[in-house]
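In case you want the letters, here they are:
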Amino acid sequence: RYVGGYTVSIAADDSFLKSPTIIDLETGETYQSGPYPEAVYFLTQTMCISDQGLLFIVDGNQGGTFVCDLEGNITKLEAVEGFRGKPTIQGTSADGKYWVGYAKKTTGGLYYPLLWIDGAAQELSLPEKNYREEELRAGVMARSISANGEVIYGTSWDNSDYGMLYWRKEGAGFGRPQWVGKDVRKITPTVLQYPDGTEYDYNLVNGCICTAELTKISTSGKWIATTYRTEVPSANNQYTECTYRAAFYNTETETTVIVEDYGETSGAHVTDDGIAFIGIGRLGISSGKVYDLNTHTDLGDTQDWVYDTYGIVIPGGYINHISADGRYVLGTSAQSSAGGTSFINWYIAPPRAK
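Residues numbered from 1 in each chain as written. Predicted model: local features only at pLDDT ≥ 70, side-chain atom pairs only at ≥ 80, totals over all residues. Heavy atoms only, no water.

(A) Main features of the overall build of the protein chain. Broken down by element type, the protein chain carries one helix and 29 strands. In terms of overall size, the protein chain behaves like a compact globule, its C-alpha atoms giving a radius of gyration of 21 Å where 354 residues would be expected to give roughly 20 Å. If one aligns the C-alpha atoms of the protein chain with their principal axes, the spans along those axes are about 65 × 50 × 50 Å. Burial status across the protein chain gives 47% buried among its 354 residues. A separation of at least 24 residues holds for 41% of the contacts in the protein chain among residues at least 6 apart in sequence. Surface summary for the protein chain: the accessible area is close to 16400 Å², and the carbon and sulfur share equals 47%. Charge-centre separation for the protein chain: the mean point of 27 positive side chains lies 2 Å from the mean point of 43 negative side chains. (Helix = DSSP H or I, 4+ residues; strand = E, 2+ residues; numbered from the N terminus. Rg over C-alpha atoms; globule rule 2.2 N^0.38 Å. Buried < 20%, exposed > 50% of the residue type's maximum accessible area, 1.4 Å probe, protein only. Contact = heavy atoms within 4.5 Å. Areas by Shrake-Rupley, 256 points an atom, 1.4 Å probe, with all protein chains shown as cover. Lys, Arg positive; Asp, Glu negative; His and termini not counted. Charge placed at Lys NZ, Arg CZ, Asp CG, Glu CD.)

(B) Main features of the pattern of salt bridges. Inspection of the entire model under this criterion finds 17 salt bridges. The partner of glutamate 260 in a salt bridge is arginine 245, with the nearest N and O atoms 3.1 Å apart. Of this pair, glutamate 260 sits in the loop between strand E22 (255–258) and strand E23 (265–270) while arginine 245 sits in strand E21 (residues 240–250), and the two are 15 residues apart along the sequence. As a salt-bridge pair, lysine 289 and aspartate 301 come within 2.9 Å of each other at their nearest N and O atoms. Of this pair, lysine 289 sits in strand E25 (residues 288–292) while aspartate 301 sits in strand E26 (residues 297–301), and the two are twelve residues apart along the sequence. Each of Arg132, Asp161, Arg229 and Glu231 takes part in one network of salt bridges that share partners. (Salt bridge = Lys/Arg side-chain N within 4 Å of Asp/Glu carboxyl O.)

(C) Structural context of the side chain of serine 19. Here serine 19 shows up in strand E2 (residues 16–24). For serine 19, a relative accessible area of 5% gives the class buried. With sequence-adjacent residues up to four places away left out, serine 19 is seen in contact with Gly5, Tyr6, Thr7, Gln32, Ser33, Gly34 and Pro35.

(D) Region of the structure containing the packing of aromatic side chains. The final tally for this structure, using the stated rule, is 15 aromatic pairs. Taking the centre distance of 6.1 Å and the plane angle of 80 degrees together, the rings of phenylalanine 83 and tyrosine 112 count as edge-to-face. Here phenylalanine 83 is found in strand E9 (residues 83–92), whereas its partner tyrosine 112 is found in strand E11 (residues 111–117), with 29 residues between them in sequence. By the ring-pair criterion, three or more aromatic residues cluster together here, those being Tyr36, Tyr41 and Phe66. (Phe/Tyr/Trp six-rings, centres within 6.5 Å; stacked < 30°, edge-to-face > 60°.)

(E) Spotlight on the nonpolar core. Core analysis: the biggest nonpolar cluster contains 35 residues, and Ile89, Leu115, Trp116, Leu124, Ile152 and Phe174 have the highest contact counts within it. Secondary structure elements with two or more residues in this core: strand E5 (43–49), strand E6 (55–59), E9, strand E10 (98–105), E11, strand E13 (140–145), strand E15 (164–170) and strand E19 (199–209). Among the elements that take part in this core, E11 stands out by supplying five residues, more than any other. When neighbours within four sequence positions are excluded, leucine 115 is seen to be in contact with Tyr98, Trp99, Val100, Ala120, Ala121, Gln122, Leu124, Ile152 and Phe174. (Core = buried A, V, L, I, M, F, W, Y, C linked by side-chain atoms within 4.5 Å.)

(F) Up close: the pairing of E22. Summarising the sheet, E21 and E22 pair through four bridges and their orientation is antiparallel. Residue tyrosine 249 lies in a different strand from E22, and its bridge partner there is threonine 256. Between E21 and E22, which pair antiparallel in sequence order, lie four residues; one of them, glutamate 254, sits at a positive phi of approximately 55 degrees. (Pairing = 2+ DSSP bridges.)

(G) Just the pairing of E5, in detail. Pairing of E5 with E6, which is carried by five bridges, proceeds in the antiparallel orientation. Counted as the bridge partner of threonine 46 is isoleucine 57 from E6. From the end of E5 to the start of E6, which pair antiparallel, there are five residues, and glycine 53 there has a positive phi angle of about 80 degrees.

(H) Layout of the side chain of glutamine 90. Position of glutamine 90 among the secondary structure elements: in strand E9. Since its relative accessible area comes to 3%, glutamine 90 is described here as buried. In this structure the side chain of glutamine 90 is engaged in a polar contact, spanning 2.6 Å, whose partner is the side chain of arginine 143. For glutamine 90, the contacting residues outside a window of four places in its chain are Met47, Cys48, Val100, Gly101, Tyr102, Ala142, Arg143 and Leu214. (Polar contact = N/O pair within 3.5 Å; in protein donor to acceptor, adjacent residues only side chain to side chain.)

(I) Just a nonpolar patch on the surface, in detail. A cluster of nonpolar side chains, Val8, Ile10 and Phe16, forms an exposed patch at the surface whose accessible area comes to about 280 Å². Among the structural elements, valine 8 can be located in strand E1 (residues 2–10). Judged by relative accessible area, valine 8 falls into the partly exposed class, the value being 49%. (Patch = residues over 30% accessible without salt bridge, like charges linked within 9 Å, V, L, I, M, F, W, Y side chains within 5 Å.)

(J) How the structure looks around the state of the cysteines. For the coordinates displayed, the defined rule picks out zero disulfides. Free of any disulfide, cysteine 48 has its nearest neighbouring cysteine sulfur in cysteine 68, separated by 11 Å. Judged by its relative accessible area of 12%, cysteine 48 falls in the buried class. Here cysteine 242 is not disulfide-linked; the sulfur of cysteine 208 is the nearest cysteine sulfur, at 14 Å. (Disulfide = S-S within 2.5 Å.)

Structure representation (structure tokens):
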């Protein structure tokens, strides 16, 4: 129902002023507080928002997360006992009951995935090993949660591997994490070389990865969008060569659909009924495809699918979120100018009654 972020203005002394801003997509009403100097609220990155208009924005100065509401109140999330620094919130269920994120342990230095239930924090369990079946070195971050609060996904953060995991709700809590795409996951021990010729053991992994994207899960958590990465040693055995394909994991059947049709791609989002949204390429994505996971058929470019479904012309790009009822669509498009390429976020909403 809501989208949120902040707007930036310039003070008389040329410093930045920032105003938390929330828009009600049903009524068009805008809620804005501030402007505030960065010395008061150093707002740097919007993470998520609930259907009650509770907005989470990262503090770029001291770390952690600011929580903003429709009344203009801003509070800083308190540190969690046993963790150093302030926690970062990455995702919320639609009703705002569940939040997920991460913080670093006071001892050991690992990032731990965290879950808040009605504002009270608790730890999610860690995998026994990291993405390459070795000891954890950096930890795990919870990235987002399904709108109904049933499934959480996250990423390991060891050696830039970005292995993707998920937790399912079991009773009052969540069970142990499992690797997304575990049915197609394959580990192959090998030996690589440093440039000086020294050899070292290394585990190649064909598996599902995700970086810091927050919109990879369907409303009920039935489907998770991901990217399936395969690895082989380079010709000189000094590094690995990789391929990347959009993939979609069904948490109910525990099976993965890997889409090979479009070359190098990544999974951007997916709906409960198996309509998948794919970004073409890996970095600086500027176009997308829509794919039916049930029939394994191409539904066209993003622009074609949006026009056929909503009767609206959009400026290209790809889709990264659709609301449960299908009425709201969020997307991203690339725009070229003399200053380079910038990425524009757009949304589709139903017309409001006059």
